[in-house]
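One letter stands for each residue in the lines below.
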Amino acid sequence: MQDGEAALPGKPAPRRIDAAYLRRAALHYLERYSVPAAQLQRVLLRKVERSCRHYGLDPQSFRVTVDEVVASCVASGLVDDRRFAEARAQSLRRKGRSARAVAAGLASKGVERGLVAAVVVANDDAELDAARVAAKRKRLGPWSRGDRTELRQKHIAALARAGFSLAIARAVIDGAGEGG
């Protein structure tokens, strides 16, 4: 330990960073998670930050190494932003997320804006199906147990907050739950 730093109780000291360690860490992370390149880069940079803080090193000196490791993972096909975005978008749509919510989720993971626009194509049928799933999961509209007329505005507002258009929210809440 340097500069009088004490290790946190119960937490081991971080490993000293080098290129081989970063490659192993990236492969280990990719065994567990499917992520875009930007997310992998953030994970590796956090490891670098923690290690450099502990050993008193400059984290900027490892930036090129992190970029090389991420680039090699992309080149080998272990990281594919398009594949990640398509799979994540399908998963979120099945869970009842709106196109807006899916796009925001992908953007927060570091997927480029152009790729998000290409993957998340909002059509009314898919949006209506997703809104039905969301309403069913949240017990809104036709799936609610309370007085539907009394709670109509609250249910429409809940779907609108989830990113669905007002027309879609009204159609689902006022509908009899057909198609779902």
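A short tour of the structure in this document, coming up. These figures come from a predicted structure and were not determined experimentally. (Residues numbered from 1 in each chain as written. Predicted model: local features only at pLDDT ≥ 70, side-chain atom pairs only at ≥ 80, totals over all residues. Heavy atoms only, no water.)

**A look at the environment of P36**
Move 1: If you trace the backbone, P36 turns up in the loop between helix 1 (19–32) and helix 2 (37–55).
Move 2: Separated by 71 residues in the primary sequence, P36 and A107 have C-alpha atoms spaced 10 Å apart.
Move 3: When sequence neighbours within four positions are dropped, the list of residues in contact with P36 reads V79, D81, F84, K109 and V111. (Helix = DSSP H or I, 4+ residues; strand = E, 2+ residues; numbered from the N terminus. Contact = heavy atoms within 4.5 Å.)

**Quick word on a positive patch on the surface**
Move 1: Side chains of K11, R32, R42, R46, K47, R50 and R53 sit close together on the surface and give a patch of like positive charge.
Move 2: Assignment of secondary structure puts R50 in helix 2.
Move 3: Here R50 falls in the partly exposed class, since its relative accessible area comes to 33%. (Patch = residues over 30% accessible without salt bridge, like charges linked within 9 Å, V, L, I, M, F, W, Y side chains within 5 Å. Areas by Shrake-Rupley, 256 points an atom, 1.4 Å probe, with all protein chains shown as cover. Salt bridge = Lys/Arg side-chain N within 4 Å of Asp/Glu carboxyl O. Lys, Arg positive; Asp, Glu negative; His and termini not counted. Charge placed at Lys NZ, Arg CZ, Asp CG, Glu CD. Buried < 20%, exposed > 50% of the residue type's maximum accessible area, 1.4 Å probe, protein only.)

**A closer look at the packing of aromatic side chains**
Move 1: For the coordinates displayed, the defined rule picks out one aromatic pair.
Move 2: On the basis of an interplanar angle of 45° and a centroid distance of 4.9 Å, the ring pair of Y29 and Y33 is categorised as tilted.
Move 3: Judged by its relative accessible area of 42%, Y33 is partly exposed.
Move 4: Over the aromatic face of Y55 sits the side chain of R16, whose NZ or CZ is 4.3 Å from the ring centroid. (Phe/Tyr/Trp six-rings, centres within 6.5 Å; stacked < 30°, edge-to-face > 60°. Lys NZ or Arg CZ within 6 Å of the ring centre and 35° of its normal.)

**Some remarks on unusual backbone geometry**
Move 1: The backbone of R139 shows a phi angle near 55°, a positive value even though the residue is not glycine.
Move 2: Position of R139 among the secondary structure elements: in the loop between helix 7 (124–138) and helix 8 (148–161).
Move 3: We classify R139 as partly exposed; its relative accessible area is 46%.

**As for the pattern of salt bridges**
Move 1: Here the structure, examined in full by the defined rule, presents four salt bridges.
Move 2: The salt bridge involving R82 is made with E86; its shortest N-O contact spans 3.5 Å. Here R82 pairs with E86, and both are found in helix 4 (residues 81–94), just four residues apart, close to one helical turn.
Move 3: Assessed through its relative accessible area of 40%, R82 is described here as partly exposed.
Move 4: Where R93 meets E127, a salt bridge forms, and the shortest distance between an N and an O atom there is 2.9 Å. One end of the pair, R93, is in helix 4; the other, E127, is in helix 7, with 34 residues separating them in the sequence. Across the pair, E127 and R93 agree in class, each one buried.

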